[in-house]
Every structure is written in structure tokens, then in C-alpha cells.
Amino acid sequence: MWPGNAWRAALFWVPRGRRAQSALAQLRGILEGELEGIRGAGTWKSERVITSRQGPHIRVDGVSGGILNFCANNYLGLSSHPEVIQAGLQALEQFGAGLSSVRFICGTQSIHKNLEAKIARFHQREDAILYPSCFDANAGLFEALLTPEDAVLSDELNHASIIDGIRLCKAHKYRYRHLDMADLEAKLQEAQKHRLRLVATDGAFSMDGDIAPLQEICRLASRYGALVFVDECHATGFLGPTGRGTDELLGVMDQVTIINSTLGKALGGASGGYTTGPGPLVSLLRQRARPYLFSNSLPPAVVGCASKALDLLMGSNTIVQSMAAKTQRCDSQQGRLGGGETWFRSKMEAAGFTISGASHPICPVMLGDARLASRMADDMLKRGIFVIGFSYPVVPKGKARIRVQISAMHSKEDIDRCVEAFVEVGRLHGALP
């Protein structure tokens, strides 16, 4: 006889190890179903393995010969610049591999403070704070700054890190249509009842290659007593006459309150992000921003590389001018596009492709179908061109594309070869007549 109701429990008793195996089997089934759904939708993202340093010419595992790289964020080619590499080596030798700690405990070195001061000087702001990435900078800003009394107004196509950062804060949230200033104004009118109003936008939108109308955004912000925040990850180092970003390009450096950006793209290509703006804001972030308080300091080698990249930019605008010569760039004073038939956008549009955005080295080749984008990218690699198809959830459904990124290190011959391969592959897959 089983005492009490123990006999009932015995009917359902399973050894602990078997229960764990059963739970794992259930998890595997769920995950395989999710993965099969991704494969079936044609949105599976494979990772290609590069066996060389980053640059316009790379080597790829399993592919013979050199490959032209047209999909890196290495806008200025500084990730392989000899002076940048040497600065990283020197920092590694002098300051070690890492701090083994967060900043406020024992993770701050003189090179961190020097880089923060240099970033603030570069952007002409009061102070700056470093993070492990700009994703962390965006995750830390809104929660620390905004309260339930405040409001944040965000472009609907802002980067995922901005969206996630806004989700973490308790402010009232307004989303305005992409680049739609009439909708932003309506939302600003609605948000007047809140204490602080912060307009948040990408400076250059990474998936579409278009640039926020900062002049109009700043005008509306001034009219309705709002602050302006700009994520400059795809602008810092190469947009504007001296590479300060979209606020310099559009003449509103004194009207943008807060800038977040990255060290992992044009500024050396390693990792790291930052916030720069008013001194009291940066001080508050050092006290309250969770990604700052609970993440290890940036490795000294990364700091050294980024610091040298900024030195190169502040010492000469030759690299920035080289970037301007390879893509259609907007004259911030006259609003004119320079250009010629050798530029990527002009040649691709003449061939019959639709290229999203304007005035930016990001040149999305719009294809619509996820499978088409993936297959074309694979066939481009067979022709020696490294590009990647972008599909949901990175971009909206039905908006699949191959995002081409022009670097200052690409030659005209490189660009011509890329266009020729696109035309050949586009005809092969029916994307061109």
C-alpha cells in the first residue's frame, strides 16, 4: 500500500535524468521548427569565413583567388591602415590585453580618458563616454535619461539598437513615419504635455542609404522645445567636409544635443561605441547607464586603434575627400549632387537596377524577393564579388536587397568590375531584362 496519495505521484514519476532529456528533446523540436521556418522563407543567413584581414580585397574560405569586398562598413579603409595597426600593437604592449574589470572599479586607464576627450573634441561637444559597442550606448542612454514624465519620438526605421534602447525606458513613446516631417510635427504637438521631448533618429539609415533631414528636424525641435539625438554610426568619419557626420554635412552641429556613434566602422573597424554631448548628461550616464556600469572596459588595443584613426581624420581631410570622389555626395550648402558615369549608383541605375537612398556609400540594390537576393549574392561570390543579401527580419518583408558599400579604398576599376558582375548575375536571374 502506498501511503496517502503517494501512489498517484508514483504514476507520474520520471527519473530526473529522463525528465531533463525530455525537456531537451522538447527544446530541440521547438528550435528545429523555428529554424526550418527560416529556411523555408528563404531568409537563412549563412556566415562566410574570411581568411585575411578586412579590406577591399580579401580571401574567403572555400573560394579560390582574391575577392573584392563590397559589403563591409570599413568606409575609410582604416581597419588595415598600417598606422592604426601599429597604434593597436603599441597600446597592447604598454597597457596589456584588457582590464578584467568595469570602468568604475579598476577598469579605467589613461588611454580611455584620452580617447573620450578626443571624441568630444572631434564632435565639438563637452564630454564623451565609451561603451563596448554603440548598441550598448543606445541601450544605456534612454533608460538613464528619460522618465515617465518625458517623451521620445523615434523614426520608424531607426536602427534596432535605438528601438531596443527606447523599449527599456519608461518615457512615453511616439513613432513617426520614416523621414516624414509632417508626421513628426503632429507627434511633437501631441507630446507637448510631457516634461522633456527627445527626437531620436539615425543620421544615415544603414539599410536604406538615406540621410535624415536634420535641418528640418532641428527646426521642428526648436519650435516645439524638443531635444535632438542622432545615431551617427554610418556617418562618423566620412560625411561632412571634415568627416564629423550628418550634423556637419547639413550645418546643424550646434543644434543636435546628443550623438551616439561607433568605433567599429569608419574609425578603425574593431569595436566600441560612445555617447557625446552635454557634460552633465555624460556624468549621469557614468552613474546610471547599465551597459557602462556592468560591462568590461574596451581593450587597450581597440582604444589605441580608434585613437589613431581619429588622429588621421583630424590631421587631414584627404581620406574624407577620397570617399566623396567615389560616391554621389550632397553639397550641404547647395544641395547638389556631384557625380559621373563611373560612380556606382549612376552605373547601376543606368543598367536598370533600383538603388535605394542617395548621397551615401551605402547603396542598397533593391530586389524584393529574399531568395533572389540570396542566390544573386551567392553567384556574385562565384564571380569574385563579396556581397550579402539582406532579408527579414533585418529589413521588412518584401524589401529584400543586396546592400553594397563603397569604401575609400575601392578603385574605379573595382567598382566597374562589381557593376559588370551585377549586370551579368541580374540577367541570369531575371532581375534585369
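Before reading further, recall that the structure is shown in the block above.
Residues numbered from 1 in each chain as written. Predicted model: local features only at pLDDT ≥ 70, side-chain atom pairs only at ≥ 80, totals over all residues. Heavy atoms only, no water.

A. Representation of the sheet that holds strand S3 (residues 127-131). As summarised here, the arrangement of the seven strands in space is S3-S9-S8-S7-S6-S4-S5, forming an open sheet in which the pairing is mixed. Each edge of the sheet is formed by a strand with only one pairing partner; in this case those strands are S3 and strand S5 (172-176). Averaged over all pairs of adjacent strands, the angle between strand axes in this sheet comes to 20 degrees, irrespective of strand direction. Where strand S8 (residues 258-262) lies against strand S9 (residues 273-277), four bridges are found, and the strand directions are antiparallel. Paired with Ser261 across the bridge in S9 is Tyr274. Lying over the sheet, helix H6 (residues 134-145) contacts S3, strand S4 (151-155), strand S6 (197-202), strand S7 (227-231), S8 and S9, oriented at roughly 155 degrees with respect to S8. Where helix H8 (residues 181-190) meets the sheet, it contacts S4, S5 and S6, and its direction lies at approximately 160 degrees from that of S5. (Pairing = 2+ DSSP bridges. Helix = DSSP H or I, 4+ residues; strand = E, 2+ residues; numbered from the N terminus. Axes fitted to C-alpha atoms, helices over the stretch in contact; angles between N-to-C directions. Contact = heavy atoms within 4.5 Å.)

B. Quick look at helix H3 (residues 82-95). Here H3 contains 14 residues, and its C-alpha end-to-end distance of 20 Å stays within 8% of the 20 Å for a straight helix at 1.5 Å per residue. Elements in contact with the buried residues of H3: helix H5 (110-123) and helix H13 (300-315). Two residues or fewer after H3 comes Gly96, characterised by a positive phi angle close to 90 degrees. (Expected span 1.5 Å × (residues − 1).)

C. Spotlight on the packing of aromatic side chains. Using the criterion set out here, one finds five aromatic pairs in the structure. Residues Phe344 and Phe422 carry aromatic rings whose centres are separated by 6.4 Å and whose planes lie at 65 degrees to one another, so their mutual orientation is edge-to-face. Placement of Phe344 in helix H15 (residues 344-351) and of Phe422 in helix H17 (residues 412-428) is noted, with a sequence separation of 78 residues between them. Here the two residues Phe344 and Phe422 agree in accessibility, since each one is buried. Among the aromatic residues, ring-to-ring pairing joins Phe344, Phe353 and Phe422 into one connected group. If you follow Arg39 out to its NZ or CZ, it ends over the ring of Trp44, 4.5 Å from the centre. (Phe/Tyr/Trp six-rings, centres within 6.5 Å; stacked < 30°, edge-to-face > 60°. Buried < 20%, exposed > 50% of the residue type's maximum accessible area, 1.4 Å probe, protein only. Lys NZ or Arg CZ within 6 Å of the ring centre and 35° of its normal.)

D. Highlighting the packing of H6 against helix H11 (residues 279-288). At a minimum axis distance of 10 Å, the contact between H6 and H11 shows a crossing angle of 100 degrees. One way to sum up the angle between H6 and H11 is to call them roughly perpendicular. Along its contact with H6, which presents Gly140, Leu141, Ala144 and Leu145, the element H11 presents Leu281, Leu284, Leu285 and Arg288. Its residues placed into classes, the contact of H6 with H11 shows six nonpolar, one polar and one charged. (Parallel < 35°, antiparallel > 145°, perpendicular 65-115°, else oblique. Nonpolar A, V, L, I, M, F, W, Y, C, P; charged D, E, K, R; others polar.)

E. Broad picture of the nonpolar core. By size, the foremost hydrophobic cluster in this structure holds 57 residues, and its most contacted members are Leu184, Ile217 and Leu263. Among the elements that make up this core, the one with the highest residue count is H13 (eight residues). Apart from residues lying up to four places away in sequence, Ile217 is in contact with Tyr176, Met181, Leu184, Val199, Thr201, Ala212 and Val228. Core analysis: the second largest hydrophobic core is formed by 29 residues, Leu367, Ala370, Ala373 and Val419 among them. (Core = buried A, V, L, I, M, F, W, Y, C linked by side-chain atoms within 4.5 Å.)

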